[in-house]
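Observations on the model geometry
So the chains spell out like this:
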Amino acid sequence: MTHDDASTHGDASLAATPLDALHRALGARMVGFAGYAMPVQYPAGILAEHRQCRTAAALFDVSHMGQALLHGAAADAALERLVPGDMLGLRPGRQRYTLLMHEAGGILDDIMVSRLEAGRLFLVLNASRKAADLAQIGAALPAGVRLEPLPDRALLAVQGPAAATVMARLAPAAAALGFMAVAEASIAGTACLVSRSGYTGEDGFELSVPAEAAERVARTLLDQPEIAPAGLGARDSLRLEAGLCLYGADIDETTNPVEAGLTWVLGKRRRVAWDFPGAPAVRAALEDGPARRRVGLRPDGRAPARAGTAIIGRGGETVGHVTSGGFSPTLNVPIAMGYVRADHAADGTTLALRVRGADLPAHVVPLPFVPHRYVR
Amino acid sequence: MSTLRFTKDHEWVRFDGTVATIGITEHAQTTLGDIVFVELPEPGRDLAEGEACAVVESVKAASDVYAPVAGRVTEANAALAEDPALANRSAEDEGWFFRMIPADAKAIEALMDADDYAAHVAAL
């Protein structure tokens, strides 16, 4: 038997998050991810951690992600030159998902933007992209707008149906937030920046915390009876069930927002002005219909289809590839996402997945696989 | 009296003098984590030594299982196909993968014994 689990034994090239010692004390299995030693799972295991998040609440360390502030009265206008979302219209205390766009219409990163106050935006960037993002954003700023990376902050995610109960106990101000809202709140005596959002499809919160206080905040959260730690393994199976894109797998420089099913990120005003990088290609995909679409895939059998699996059409021809695939602990069946030729993208379409040389029947199904349960 | 042997790829082989039973080791199941799918060889299939002949998938990833020795498959564990987590709960007993008649019984003797395998795992 062989496996490709990237153990971190003696790998000094990996960066440590502020919770590294806590992960190891909790018995986490650490792996290399985007240059960081990260917990892929704790002793409970991925299935149990996944179910913990769906039934109660889970704590994730996502401190590998990039955090930054954009200062200046024209920070929103400056950011709009790089993304297709409406940043001018983002109200104080609100958060929005948007995309850093490639000139050819591809996606350089998917990011979260919060307006803390009029002239201050808070950005959360993917770990694998943060260096490139910061360089790109920094290079695009006019006089009077300043980018401040926040490498000394940890990011914790508390996700699950019991997350709000826990936050009501520890930080009532945070528990009062609506979906995609942000506010400062004190947790365990530490001023945290809290947003009501996440990457699991559940209600939940993300907490930006000073690195030196991260372990204290994390331990306070873990002391709550509803919460148990969960690693990157469960984070991946949770976001796949929720139909959420993973940058580098489901979206990248070669995928445009229309074929990725992210047309909703285009701001109404931006779809009139077409004034963002890659706008001509995005407009063409919108008006002509994209050549391919991201879809949910449900193998008829029990065999999971992993990223890279060829998707075979009715005539035996390859019509696409799986970009994320695995097993759904909630549904107890294999699930996948991938891109297929537009004429094979309708819900219910019968396809085959070429797994180890065999064409296994599968169907196109709507996303998400598991309904979102965000607070309303 | 059966013989128990191990491979460097973390399979175990229990040989009763006629039939060899093959599975993955306790170390392997711990490393893989939650097992959600197995693909087992068909009875009658002839295997070469080292041939990838079964697949075990955890939540995270797929891994190959190799034939420890050459031989012919006689049986696949239907209970494991039905309940892949059996390989987590009982890796070296009920969670066996398949059975085979080895082409050369002496090839099994040549594999690692329990002490050698423990040393192999400790050195990883």
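Rules used in this analysis
Residues numbered from 1 in each chain as written. Chains lettered and ligands numbered in written order. Predicted model: local features only at pLDDT ≥ 70, side-chain atom pairs only at ≥ 80, totals over all residues. Heavy atoms only, no water. Axes fitted to C-alpha atoms, helices over the stretch in contact; angles between N-to-C directions. Helix = DSSP H or I, 4+ residues; strand = E, 2+ residues; numbered from the N terminus. Parallel < 35°, antiparallel > 145°, perpendicular 65-115°, else oblique. Left-handed = near helix turned anticlockwise from the far one by under 90°. Contact = heavy atoms within 4.5 Å. Nonpolar A, V, L, I, M, F, W, Y, C, P; charged D, E, K, R; others polar. pLDDT = per-residue confidence, 0-100. Pairing = 2+ DSSP bridges. Buried area = accessible area lost by both parts, 1.4 Å probe. Salt bridge = Lys/Arg side-chain N within 4 Å of Asp/Glu carboxyl O. Polar contact = N/O pair within 3.5 Å; in protein donor to acceptor, adjacent residues only side chain to side chain. Core = buried A, V, L, I, M, F, W, Y, C linked by side-chain atoms within 4.5 Å. Buried < 20%, exposed > 50% of the residue type's maximum accessible area, 1.4 Å probe, protein only. 1 Å grid on protein atoms, 1.4 Å probe; cavity = no way out; pocket = protein on both sides within 12 Å on 5 of 7 lines; lining within 4 Å. Points joined across faces, edges and corners; volume = space filled by probe spheres on them.

Section: the packing of helix 2 (residues 46–55) of chain A against helix 8 (residues 232–241) of chain A
Residues and elements named next belong to chain A. At a closest axis distance of 8 Å, the pairing of helix 2 and helix 8 adopts a crossing angle of 55°. In terms of axis orientation, helix 2 runs oblique to helix 8. Our pair here, helix 2 against helix 8, has a crossing hand that is right-handed. In contact with Ile46, Glu49, His50, Cys53 and Arg54 of helix 2, helix 8 contributes Gly233, Ala234, Ser237, Leu238 and Glu241. A per-class count over the contact of helix 2 with helix 8 returns four nonpolar, three polar and three charged.

Some words on the confidence of the model for chain B
When pLDDT is averaged along chain B, the result is 96; 99% of the residues meet or exceed 70. ipTM for the predicted complex: 0.89, alongside a pTM of 0.95.

Regarding the sheet that holds strand 12 (residues 190–195) of chain A
For sheets, the rule is that strands pair by backbone hydrogen bonds, running either parallel or antiparallel. Residue and element names in this part refer to chain A. Sheet architecture is open: six strands sit in the order 11-12-13-10-4-14, paired in mixed fashion. One side of each edge strand has no neighbouring strand; the edge strands of this open sheet are strand 11 (182–187) and strand 14 (227–229). The mean inter-strand angle of the sheet, taken between neighbouring strand axes irrespective of direction, is 30°. Two strands pair when backbone bridges link them, and strand 12 and strand 13 (residues 204–210) are joined in this way by three bridges, in the antiparallel orientation. Residue Val194 lies in a different strand from strand 13, and its bridge partner there is Leu207. Against the sheet, helix 5 (residues 163–170) touches strand 4 (57–61), strand 10 (153–159), strand 11, strand 12, strand 13 and strand 14, its axis set at about 45° to strand 13.

Details of the interface of chain A and chain B
Tallying the contact residues gives 18 residues for chain A and 25 residues for chain B. Summed over both partners, the interface of chain A with chain B comes to about 1800 Å²; 55% of that surface belongs to carbon and sulfur atoms. At the boundary of chain A and chain B, one finds three salt bridges. Among the ionic pairs, A:Arg306 bridges to B:Glu57, the shortest N-O distance being 2.7 Å. Viewed at the interface, chain B and chain A are joined by 10 residue pairs in polar contact (both at pLDDT 80 or more). Where the side of chain A that touches chain B is concerned, the elements lending two or more residues are strand 3 (36–41) and helix 2 of chain A. Taken together, the residues of the side of chain A that touches chain B break down into seven nonpolar, five polar and six charged.

Description of the pairing of strand 2 (residues 29–33) of chain A
Working note: regular strand, side chains alternate between the two faces of the sheet. Pairing between strand 2 of chain A and strand 3 of chain A: five bridges, direction antiparallel. Counted as the bridge partner of A:Gly32 is A:Ala37 from strand 3 of chain A.

What to know about the nonpolar core
Residue and element names in this part refer to chain A. Within the largest apolar cluster, 44 residues are counted, with the highest numbers of intra-cluster contacts made by Phe60, Tyr97, Ile251 and Leu262. Setting aside anything within four residues of it in sequence, one finds Leu262 in contact with Tyr97, Leu99, Ile107, Ile251, Pro257 and Arg294. The next biggest cluster of nonpolar side chains, apart from the first, holds 30 residues, and it includes Leu59, Ala174, Ala181 and Ala214.

Details of the environment of B:Ala87
Residues and elements named next belong to chain B. Along the chain, Ala87 turns up in helix 3 (residues 86–89). A C-alpha to C-alpha distance of 23 Å links Ala87 and Gly44, two positions 43 residues apart in sequence. Contacts of Ala87, omitting those with residues within four sequence positions, involve Gln29, Ile35, Leu80, Gly95 and Phe97.

Some points on the sheet that holds strand 6 (residues 52–58) of chain B
All names here are of chain B. In spatial order, the strands read 4-6-7; together these three strands make up an open sheet with antiparallel pairing. Two strands in the sheet have a free side with no partner beyond their single neighbour: strand 4 (35–39) and strand 7 (62–66). Between one strand axis and the next, the sheet turns through 25° on average, direction left out of account.

As for empty space enclosed by the protein
Residues and elements named next belong to chain A. Enumeration according to the criterion identifies two cavities of 30 Å³ or more in this entry. Along its surface, the largest cavity is lined by Gln95, Ser114, Phe122, Val124, Leu155, Val182, Leu193, Val194, Ser195, Glu206 and Ser208. Listing elements by their share of the lining of the largest cavity, those giving two or more residues are strand 8 (120–125), strand 12 and strand 13. Ranked by residue count, the leading element in the lining of the largest cavity is strand 12, at three residues. Its residues assigned to classes, the lining of the largest cavity comprises six nonpolar, four polar and one charged. The wall of the second largest cavity is formed by Leu19, Leu22, His23, Leu26, Tyr42, Leu59, Phe60, Asp61, Leu222 and Pro229. Contributing elements (two or more residues each) for the lining of the second largest cavity: helix 1 (20–25) and strand 4. The greatest single-element share of the lining of the second largest cavity, amounting to three residues, is contributed by strand 4.

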